[in-house]
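So you can see what is in the structure, the chains are spelled out below.
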Protein chains: 2
Amino acid sequence: SYPQIDGIPQLKKEASYFIKNFLDLDVDGENCLPTVGSMQGAFSSFLICSRVSNAKDTILFIDPCFPVHKYQNKVLGINVESFDIYDFRGEKLRDKLESIFATGRIHSMLYSNPNNPSWVCLTNEELKIIGELATKYDVIVLEDLAYFGMDFRKDYSHPGEAPYQPSVGKYTDNYALLISSAKAFSYAGERVAILAISDKLAKRHFPDLLTHFNSDTFRNAIVYGALHPLSSGTSHSAQYALAAMFKAVNDGTYNYRDDVIEYGRKARIMKEAFLANGFVITYDKDLDKDIADGFYFTYGYPGFTGSDLVEEMLLYGISAISLYTCGSTREGIRACTSLITRDEIAELAKRLALFHEDHPIK
Amino acid sequence: SYPQIDGIPQLKKEASYFIKNFLDLDVDGENCLPTVGSMQGAFSSFLICSRVSNAKDTILFIDPCFPVHKYQNKVLGINVESFDIYDFRGEKLRDKLESIFATGRIHSMLYSNPNNPSWVCLTNEELKIIGELATKYDVIVLEDLAYFGMDFRKDYSHPGEAPYQPSVGKYTDNYALLISSAKAFSYAGERVAILAISDKLAKRHFPDLLTHFNSDTFRNAIVYGALHPLSSGTSHSAQYALAAMFKAVNDGTYNYRDDVIEYGRKARIMKEAFLANGFVITYDKDLDKDIADGFYFTYGYPGFTGSDLVEEMLLYGISAISLYTCGSTREGIRACTSLITRDEIAELAKRLALFHEDHPIK
């Protein structure tokens, strides 16, 4: 028979525990919904958020971002606005956001934290600013936690113990969380994730939703207006598997961080090789702190635009994507630490040295 | 890692063989795309078909139909037009379709064959009319084969042997097939199906698609403009499972019909009990032939509207859905043969007799 459209009970329960244990937030299992990957969680959220108010027609992205998120909005015909976080860290974020929210056009916003591609990690101070303004201007915050707990400068991996993965959920009720299983649990192939909607947002009525959907509460519009028509739910067996993984980390019998921290270790060694050969880290700081070592990092080379650098590095057998495609205003490239093995890093360093030799910095 | 977005090679290959073996159509494996159930196949098709031409804004449904298909279009903001097949069987279908297509507003049409809820099976004569007019007016035909091979009056289950499951693909190049695994293979829980696009349609360029998508060929718009942003593909393991099921039926080592023909047997016994107690079959004929016994049938009772009948029968512990919700102009109810066991049919007959006794027909 068909999978339960809003999720099997044990997955909903363990997802709720997971959110309590690792984010220190209370979200009822009722509002923890399995999706066909976070991709469907995001698509569903865009579909519903864009129709909560006939007076609002635009979503805001914090750049740089995962380009497919913007593409999902293009496909749906939703207006997108964005700005690059680089120049608006800390208290500067307040004025920037306020100037955009004050137009009255923004129904929702999305950022990923840690950020793909820049690996910027928003601080609690910044999340507080986002949360306060989201409440003030009634904007729904979609927090993409694709790289859950992977700011390895801190250890967020012990259930029920501080420190917790930072979240805007501490500072507003107007939020939904995208919790992917792809990276933290290395479970991309089975397409299962959790969309967790704040309890208050979940039950809120938005009469304008009735233009396109049969339900006017946010949760029911997501379930019956998005998840059901989009795909009739997600794989039953993957739901059981994710429930078991959540249970293991909730019970403390499995520490997911142990299996992903290698990305951070490789990032450190890779960055050393880049820096030793004249490259710079493009997104280099979280306020006063050096950026974390994690799944991605960004780099540039003096005198090169990002796209020129992508092309030129291909000649040295090094491929990556330009930050330009991610909406960044900075000239640089994204490196992904999962695509290279430890053994290959020495070869990478050799090629970087060759590149450096061929392109002396003036 | 993530599943291959357009499907694993063995699934694409076996799906192509399946279509050759059981529909006698040639569709390249390249154009056989796994989806998160036929629900995603339909949603993706609606999303793309509605944007192939800026001059066309409406989809046509043949009623009665699966109500969620219309709802998917409501969610997407696509205009829907429909008519009830009951009064337009055979050659009458031609004028009806032509009058609608001639408006120039129709980009695509969808019907299910066998039909949910009425179990009407369009004949080859009718499919030929649809195909010819689809070509003439450049309308894309979405053929929902959710109940593949389940018109049990014929045996379509032997690979490479006539008779074949009838399909519009014999009569036009403007088609895409929705091949579900939920009913014929009883595999609803894992959410995997095939969207098979005619080779000619797949590679056709529709410049207007570029308004919303990055590709202007139909296939690539489906893959990169729908399947990728909707969910990044469907479960890897379910793709392997479906490939194995297709292979077994292609090789003739498994006959799927043997496992579903019980629905038809139950339908026959159930219908006898209804007819013996004053009920009538609402959609009763395919032209001159009695309707097949299969997954659904429809019934009414003299003097009752469909919705009154649904309510009244609940008092006898019999639940079903009104045909009204399926866009039907006829007064009746849909019965589903999968929701009752053989043992329960005697009890059903008893309740029908009680209903008949309490509601004498004048």
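None of these values were measured; they are calculated from a predicted model.

Calculation criteria
- Residues numbered from 1 in each chain as written.
- Chains lettered and ligands numbered in written order.
- Predicted model: local features only at pLDDT ≥ 70, side-chain atom pairs only at ≥ 80, totals over all residues.
- Heavy atoms only, no water.
- Phe/Tyr/Trp six-rings, centres within 6.5 Å; stacked < 30°, edge-to-face > 60°.
- Helix = DSSP H or I, 4+ residues; strand = E, 2+ residues; numbered from the N terminus.
- Buried < 20%, exposed > 50% of the residue type's maximum accessible area, 1.4 Å probe, protein only.
- Contact = heavy atoms within 4.5 Å.
- Least-squares fit on C-alpha atoms with pLDDT ≥ 70 in both.
- Buried area = accessible area lost by both parts, 1.4 Å probe.
- Salt bridge = Lys/Arg side-chain N within 4 Å of Asp/Glu carboxyl O.
- Polar contact = N/O pair within 3.5 Å; in protein donor to acceptor, adjacent residues only side chain to side chain.
- Nonpolar A, V, L, I, M, F, W, Y, C, P; charged D, E, K, R; others polar.
- Domains from an automatic or database assignment.

Engineer: Help me out: how do you make sense of the packing of aromatic side chains in this one?
Structural biologist: The description of two aromatic rings rests on the distance between their centres and on the angle between their planes. Residue and element names in this part refer to chain A. Tallying each qualifying case throughout the model produces 61 aromatic pairs over all chains. Measuring from centroid to centroid gives 6.1 Å for F206 and F218, while their planes differ by 65°, and the two rings are edge-to-face. Of this pair, F206 sits in the loop between α6 (199-203) and α7 (218-231) while F218 sits in helix α7; the two residues are 12 residues apart in sequence, bridging distant segments of the chain. No difference in accessibility class separates F206 from F218, as the two residues are buried. By the ring-pair criterion, three or more aromatic residues cluster together here, those being F274, F279, F297, Y299, Y301, F304, Y316 and F355.

Engineer: Just checking my understanding: could you explain the side chain of S38 of chain B for this structure?
Structural biologist: All names here are of chain B. With respect to the helices and strands, S38 occurs in helix α2 (residues 37-49). Looking at S38, the relative accessible area reads 13%, which means it is buried. Among all residues touching S38, those that are not within four sequence positions of it are L178, I179, S180 and A193.

Engineer: Is there a simple way to think about the relation of the copies chain A and chain B in this case?
Structural biologist: Two chain copies here: they are related by a rotation about an axis and a translation along the same axis. For the match of chain A to chain B, the screw axis carries a shift of 0.0 Å, the RMSD comes to 0.0 Å, and the turn is 180°. Expressed as a symmetry operation, the mapping of one chain copy onto the other fits a two-fold axis. By residue overlap, the copies meet face to face through one surface: 100% of the interface positions of chain A are interface positions in chain B.

Engineer: Which parts of the structure should I look at to understand the interface of chain A and chain B?
Structural biologist: A common measure of how large an interface is: the accessible area buried when the components associate. Taken together, the contact pairs 39 residues of chain A with 39 residues of chain B. For chain A, the biggest contributors to the area lost against chain B are Y71, V75 and P229 of chain A; these three give 19% of the whole. On the surface where chain A and chain B come into contact, there are 0 salt bridges. The tally of links from chain A across to chain B stands at 22 residue pairs in polar contact (both at pLDDT 80 or more). Elements supplying a minimum of two residues to the side of chain A that touches chain B: α2 (37-49), α3 (67-76), α7 and α8 (236-250) of chain A. Of the residues in the side of chain A that touches chain B, the class split is 17 nonpolar, 17 polar and 5 charged.

Engineer: It is not clear to me how the domain arrangement of chain A should be interpreted in this structure. Could you clarify?
Structural biologist: Residue and element names in this part refer to chain A. When cut into domains, chain A gives domain 1 (9-251) and domain 2 (257-358). Contacts between the two partners involve 30 residues from domain 1, matched on the other side by 29 residues from domain 2. Across the interface of domain 1 and domain 2, roughly 2,400 Å² is buried in total on both sides, 61% from carbon and sulfur atoms. The three residues of domain 1 that bury the most area against domain 2 are Y86, W119 and F152, which together make up 29% of that side's buried surface. In this structure, the connection of domain 1 to domain 2 is made through 3 salt bridges. The closest approach of N and O atoms between R89 and D286, which form a salt bridge, is 3.1 Å. For the side of domain 1 that touches domain 2, the secondary structure elements donating two or more residues are α3 and α5 (124-137). Of the residues that constitute the side of domain 1 that touches domain 2, the class distribution is 14 nonpolar, 5 polar and 11 charged.

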